[in-house]
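Each chain, letter by letter, is given below.
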Amino acid sequence: MLAIVGGLLVSGVMIAIAGFDPLETFAVIARGAAGTPQSLGVTLTNATPILLAGLGVALPLRCGLLNIGGEGQIYIGALGATLVAIAFPNLPAPIHLPLSLLAGFIGGGIWGAIPGWMRAVKGLNEIITTIMLNYIGFWTVSYLVHGPLKDPDSYGYAWTIKVPVSARLPIIHEVARVNLGLVVALIVAALVHFLLWRTTLGFEMRAVGAGPQSARFAGIPVTRGTIMSMAIGGGLAGVAGAVVILGVQLRLSDFFSPGYGFDAIAVALVGQTTPVGVVLAALFFGGLQNGTGSAHRTLGIPQEIALVTQGIILLFVIGSQSLTLVRLLRKRRMVRLVEHIR
Amino acid sequence: MNKRTTLLILVAILSLVALVGCGGTAATPTEEAPAPPEEIAEAPQLRVAMVFPGTISDQGFNQAGYEGLKMIEEQLGAEIAYSENTPVAEFEQVYRQFADDGNNVIIGHGFEFGDVALAVAPDYPDVKFIVDSNPIVAAENVAGITGESWQAAYLLGVLAAHMSETGKIGGIAGFDFPILVAQMEAYRLGAESVNPDIEVNVIYIGSFEDVAQAKEAAIAQIDAGADVIFHIADAAGVGIIQACQEKGVWAIGWGLDQNDIAPDTVISSLLFSGAQLIFDDTKKIVDGTWTGEVRLYGLSTGVVGIADYHGLVPDDVATQIEQVKQDIIDGTIEVPYIETPAE
């Protein structure tokens, strides 16, 4: 709470310097985030992909792995979902939609499993490999939508044809225009919670995260935990990509993600890597983005100031919790040190 | 960990409550009734919102659109709002928010807003949607508008063919976007109308920013014999003009009169005013002549044209080009819109 008040104070000064009324601005931000059914709907729609991708970061983090590859996993997941969606246009919706979402999960999962395997078997730093795979994922999709998958009637724009209606996430609230993706995301969050605290695999992952050495001594399959956490994490990010395509954008294009994979890292950290925390953090993020965007559009506040406001508030929130991050990084270093000495 | 989680949940809930709370009180002023309907016979206040894909200070496409929006504000007395750097993910929600906020004209700056305009328009029958640089979308309350820049490119092709001594001319464009291809192909047709055997070499370099690469492309064309080069490469075009200046051949610019970059080299430029385009179309709404259709703005309007020759072109050539221009305006010459590159 203190963090948010502090963030508001500092950004209020910024807004005042830029020549706008801070109180009015915050009122508009709040109204833009949740003041009307429509704006609340936008907040929820914004929150959906970062919620899923945030889980995709939080889960490997529980296993002691920092997944920076959300963006690449989102692109490959979106690719998988789009391919299945446009390859089988005649399937009935109850089969087609889940199948497309599953394809998103598998696509992102492969993109997560690769660095997971490299880490577990070859000892390669997953931070580096996931960043590299971001580029490969992004440019692969870029190539495909510029080439083989390009809509022939796109007038030169690099995008695919629209996904058929049977693969689209239906709107579940007409006024707020929220699609089924939100429900999918919440169910997935519940499943992740169940996985982490109610299954053997989840226990293994957490044990590995707590200390790979002791986990190994205790007879826990460290390799399996490492690979599985990255694969599932990547899969969750892949579903985020699928939900964006099947629910909002309806066709795959390059630059379709405004950086969900990177917001996801902040969401996972603010949410303390628990599924419940990630859900709340994603809603907060979604509302903040929507609200500041709304201030830009209705008050004419320069976008830069709107983004700075957003950044300052986030900085305060994350800053107030920095202990988590420090603790995590310190643990990683200790582990490395131990491995090094041995 | 548990304590922290509880704390976090508490914080999130409190902030949500705070947000919603503020929302409740703040919402009242804007939700006043939108002016009594019968008494005022005047048209309602014009409120124009514009959605930009990029930054309004980009010295190029977006800035031109923003200048048009400012013209609408100053000369038509409109209230304006805009969204810049709008990600594809947010097109629809931005459109809906602008419509819900009571804007009665929404302009999408770029071809890519065609889909969203068509999708949103039926829900807001009283709002007029304009998509500029889009020659295909049209609906009851949606108009796709485009400047017929390819007409001007045809004229520049005529000019280039007259000025070339080697019988070889070049064209360099940033990307093979249909609107750019159409201009390059019109340039080719214009040149061939003067000299059927002329060799027109067109390159798409894949960048609007890479000055060095653009310069290389220009030097390659010049080395192959081209002695007039027309560019549509935004910022990278500077490199092309530099190459022409160094090699002593003619250059043709794009966008604004680019003669000031190299006064002895740039014989003319394709003039395209994105600002004029959206201003002219919005003015139709004020005049009551606006309809939902595809509208093209050609050489007879102030939207497209060619720049002054700055004394570099012989008078008889200038006269001939003036004649061709008149023929295009009259419809005697029809410049086709070709969206796939030749060869």
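Right above here is the structure, for reference.
Please read these numbers as outputs of a predicted model, since none were measured by experiment.

Rules of the game
- Residues numbered from 1 in each chain as written.
- Chains lettered and ligands numbered in written order.
- Predicted model: local features only at pLDDT ≥ 70, side-chain atom pairs only at ≥ 80, totals over all residues.
- Core = buried A, V, L, I, M, F, W, Y, C linked by C-beta atoms within 7 Å.
- Buried ≥ 20, exposed ≤ 12 C-beta atoms within 10 Å, placed from the backbone.
- Helix = DSSP H or I, 4+ residues; strand = E, 2+ residues; numbered from the N terminus.
- Domains from an automatic or database assignment.
- Contact = placed C-beta atoms within 7 Å.
- Pairing = 2+ DSSP bridges.
- Axes fitted to C-alpha atoms, helices over the stretch in contact; angles between N-to-C directions.

**A word on the nonpolar core**
Okay, so step 1: If you look at the biggest cluster of nonpolar residues, it comprises 205 residues, and the most contacted ones within it are L52 of chain A together with L156 and I229 of chain B.
Okay, so step 2: Element by element, the count of residues in this core is highest for helix α10 (residues 222–249) of chain A, at 15 residues.
Okay, so step 3: When residues of this core are assigned to domains, at least three fall in each of domain 1 (47–147 + 276–297) and domain 2 (150–271 + 313–330) of chain B.
Okay, so step 4: Not counting residues up to four positions away in its chain, the partners in contact with L52 of chain A are A185, V188, L236, A237, V239, A240 and V243 of chain A.

**With respect to the sheet that holds strand β7 (residues 168–173) of chain B**
All names here are of chain B.
Okay, so step 1: The 6 strands lie next to each other as β8-β7-β9-β10-β11-β13, forming an open sheet whose pairing is mixed. Pairing within the sheet leaves two strands with one partner each, and these edge strands are β8 (199–204) and β13 (304–306). For this sheet the average axis-to-axis angle between neighbouring strands, irrespective of direction, equals 15°.
Okay, so step 2: Relative to strand β10 (residues 250–255), strand β9 (residues 228–232) is paired through 3 bridges, and the arrangement is parallel. Residue pairing in the sheet places I229 in a bridge with A251 of β10.
Okay, so step 3: Strand contacts of helix α5 (residues 149–163): β7, β9, β10, β11 (266–272) and β13, with the helix running at about 170° to β11, the strand carrying the most contacts.
Okay, so step 4: Of the strands in this sheet, β7, β9, β10 and β11 touch helix α8 (residues 237–247), which is tilted by about 160° from β10.

**With respect to the environment of L299 of chain B**
Okay, so step 1: With respect to the helices, strands and loops of the structure, L299 of chain B is situated in the loop between β12 (294–297) and β13.
Okay, so step 2: Measuring from C-alpha to C-alpha, the distance between L299 of chain B and A224 of chain B comes to 33 Å, with 75 residues separating the pair along the chain.

**Considering unusual backbone geometry**
Residues and elements named next belong to chain A.
Okay, so step 1: Although it is not a glycine, F255 sits at a positive phi angle of roughly 65°.
Okay, so step 2: Tracing the backbone through its elements, the reader meets F255 in the loop between α10 and α11 (260–270).
Okay, so step 3: Using a count of 15 C-beta atoms within 10 Å as the deciding quantity, one classes F255 as partly exposed.

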